[in-house]
Amino acid sequence: MTPPISPQTLTFWRRGQAVALDNVPPDRTLLEVLREDLACTGTKEGCGEGDCGACTVVLGEAVAGQLQYKAVNSCIRLAHSVQGMAVWTVEDLASASGELHPAQEAMVQCHGSQCGFCTPGFVMSLFGMYQNSGGKPVDRAQAAADLSGNLCRCTGYRPIFDAAQQMGRLPLPAGCGVNEPVVVAALEALGERPAPPADGAYMRPTTLAHLLQARSAHPQAQVVAGCTDVGLWVTKQHKRFAQVLDVTATEELRRVETYPHHIAIGAAVSLHQAYAALVSERPPLQPFAQRFAGLPVRNSGTLGGNVANGSPIGDSMPLLMALGASVVLMRWDAKRNAVAHRELRLEDLYTGYRTNVMKPDELLCWIKVPRPVDNEFLRVYKISKRFDDDISAVCLAIHMTLVDGQVGTIAIGAGGVAATPVRARQTEAALLGQAWNADTVMAAVATLRAEFQPISDMRASAAYRQTVLGNLLQRFWLESQGLQAINLESVSVEALA
């Protein structure tokens, strides 16, 4: 099949100048453009699915006059999505005279590389960390969190974490720094260029009205946000898209808005920003937020895309269901020449495996999450083979309030146990209004294990999933009684001693 061609010019900022590329297909990845069109072969292709991080590059975007840096996976990022941004690859860090950037020099000094295949990706994640920390030293916990999306199979992480902590103590050679005011001015100038055609092969509208009009006019176009799943359709399933509709430039959907009783998260808000908003409301969610994929995936992917995708093993949905979240679907009403919308509970969005109630001209635009209430107890558990950067076998979220020792409200969201993310309605009914004690919990454990008929696959057997569901409810009960030592995310050496 002949690749579709995008008539608009792709323009981004790199190495102090604008790079302009014509005739870039709408489904061409950033990695392909970098390696094949620009000969930036330091950026590696490893897994092709955003898991290993060998393809990591750093994007810069001018936001309110400031430069924001994001390490992303270029293998699953569509090239046209970086229109008007700055792009850094591993070739861009050293000075013209060959002096290494601190992120590179620290890897050398700390012996952070053996075979070297993963090294460019690690260096770029370190560069993003360096820029976001203002060149100041970071601690080991921050290094581990920010490098969770980069895999190394021969060096081991100890010297790489050493490099992350060392780079902030090294001098920055002349020619290795980023002149942020110059880059911001350049990006703002790129943003003033004529907008791409409204009905082009790659559509990236900047206003909600234009986005919905494009959706109405081109319902067959593939909708994308961060491409952290759609990108796999390109790299693994070899799907081709003649037309793409990208929501991430729509200004109204790039915000998190706070209201008295809920927060509203726009569909273009990255997973990293969305979870930061959720954690600011409910700090106990922090460990779970860091386990939702690696940082490069969280930097690209959006909460709206994760929800609209509807994967049965998507981690966001069980949590959002337990919190009582709703979604706002929008479309363009041509008769009224205005935006029309409807709102529904998240659990009512899905009709089956990766299918939902959205009409061909509708888009999921907002996710509304109720704010915390008094006496709530919330936990969300992710069970996977690998602690970081892995897909869940089971995800269970439980949100409860107690009134005079009885269960006043209870909502349980589960993932990995059915064709869609689901509410555990039978278990909720077994708990609601009951005394919160061991007998009530053990009865509910049996109900929860019997409520779903999960499948066996490469991640876990059906029997394992059913057993784990009950175990997690028991864990929730124990934690509600103040037992924290059973939680490996919070246990300390002192507690064990």
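Whatever comes next refers back to the structure up there.
What counts and how
- Residues numbered from 1 in each chain as written.
- Predicted model: local features only at pLDDT ≥ 70, side-chain atom pairs only at ≥ 80, totals over all residues.
- Heavy atoms only, no water.
- Core = buried A, V, L, I, M, F, W, Y, C linked by side-chain atoms within 4.5 Å.
- Buried < 20%, exposed > 50% of the residue type's maximum accessible area, 1.4 Å probe, protein only.
- Helix = DSSP H or I, 4+ residues; strand = E, 2+ residues; numbered from the N terminus.
- Contact = heavy atoms within 4.5 Å.
- Expected span 1.5 Å × (residues − 1).
- Arc of directions from axis to C-beta.
- Axes fitted to C-alpha atoms, helices over the stretch in contact; angles between N-to-C directions.
- Parallel < 35°, antiparallel > 145°, perpendicular 65-115°, else oblique.
- Left-handed = near helix turned anticlockwise from the far one by under 90°.
- Nonpolar A, V, L, I, M, F, W, Y, C, P; charged D, E, K, R; others polar.
- Salt bridge = Lys/Arg side-chain N within 4 Å of Asp/Glu carboxyl O.
- Pairing = 2+ DSSP bridges.

*Asks:* Hey, could you run me through the nonpolar core in this one?
*Replies:* Nonpolar side chains in soluble globular proteins generally cluster together in the buried interior. Judged by nonpolar contacts, the single largest core of 37 residues is most densely connected at Val307, Leu319, Val327, Leu346, Ile367 and Val369. Per element, the largest residue contribution to this core is 6 residues, and it comes from helix α9 (residues 271–281). Those residues in contact with Val369 that lie beyond four places of it in its chain are His261, His262, Ile263, Ile265, Leu278, Arg282, Leu320, Leu323 and Ala325. Membership of the second largest hydrophobic core comes to 36 residues, among which are Trp88, Cys118, Val138 and Leu187.

*Asks:* I would appreciate a short explanation of helix α15 (residues 438–451) in the present structure.
*Replies:* Residue pairs three or four apart in sequence face the same way in an α-helix, which turns once every 3.6 residues. Helix length check: α15, at 14 residues, gives a terminal C-alpha distance of 20 Å against a target of 20 Å (1.5 Å per residue), a fit within 8%. Along α15, the positions that sit buried rather than exposed are Thr440, Val441, Ala444, Val445, Leu448 and Glu451. Down the axis of α15, the smallest arc covering the buried residues is 140°, so these residues share one side. For α15, exposure combined with an orientation more than 90 degrees from the buried face picks out Asp439 and Ala450. Residues of α15 that are buried in the fold lie against β17 (394–403), β19 (422–423), α14 (425–431) and α16 (462–480).

*Asks:* Where do I start with the packing of helix α2 (residues 102–109) against helix α3 (residues 119–132) in this structure?
*Replies:* The description of two helices packed together rests on the angle between their axes and the distance between the axes. Across the interface, α2 lies against α3 with an axial gap of 8 Å and an inter-helix angle of 125°. The angle between α2 and α3 places the two elements in the oblique class. Pair α2 / α3 crosses with right-handed handedness. Each of Pro102, Ala103, Gln104 and Met107 in α2 lies in contact with α3, whose residues at this interface are Thr119, Phe122, Val123, Leu126, Phe127 and Tyr130. Of the residues contributing to the contact of α2 with α3, the split by class is 8 nonpolar, 2 polar and no charged.

*Asks:* Would you explain the side chain of Glu347 in this entry?
*Replies:* With respect to the helices and strands, Glu347 occurs in the loop between β12 (338–345) and β13 (350–352). A residue is classified by how much of its surface remains accessible, and Glu347, at 14% relative accessible area, is buried. When neighbours within four sequence positions are excluded, Glu347 is seen to be in contact with Met321, Arg423 and Arg425.

*Asks:* Is there a simple way to think about the pattern of salt bridges in this case?
*Replies:* A side chain with one charge may pair with a side chain of the opposite charge, provided their charged atoms come close. Tallied over the entire structure, the rule returns 27 salt bridges. A salt bridge links Arg425 to Glu347; the shortest N-O distance between them is 3.3 Å. Of this pair, Arg425 sits in helix α14 while Glu347 sits in the loop between β12 and β13, and the two are 78 residues apart along the sequence. Two residues, Glu428 and Arg423, come together in a salt bridge whose shortest N-O distance is 2.7 Å. Looking at Arg423, the relative accessible area reads 12%, which means it is buried. One connected set of salt bridges, linked through shared partners, spans Arg345, Glu347, Arg423, Arg425 and Glu428.

*Asks:* Which parts of the structure should I look at to understand the environment of Pro454?
*Replies:* Note on placement: Pro454 falls in the loop between α15 and α16. Each C-alpha atom of the pair Pro454 and Gln466 lies 7.4 Å from the other, and the pair is 12 residues apart in sequence. Those residues in contact with Pro454 that sit more than four places away from it in its chain are Gly416, Val417, Ala462, Arg465 and Gln466.

*Asks:* Please clarify how the pairing of strand β11 (residues 326–333) should be interpreted in this entry.
*Replies:* Each regular strand shows side chains that alternate between the opposite faces of the sheet. Among the 8 residues that make up β11, 7 are buried, leaving the element largely enclosed by the rest of the structure. Note that β11 and β12 share 8 bridges and pair antiparallel. By the bridge assignment for β12, Trp332 is matched with Val339. Where β11 folds back onto β12 in an antiparallel hairpin, the turn is made up of 4 residues, including Asn337, whose phi is positive at roughly 55°.

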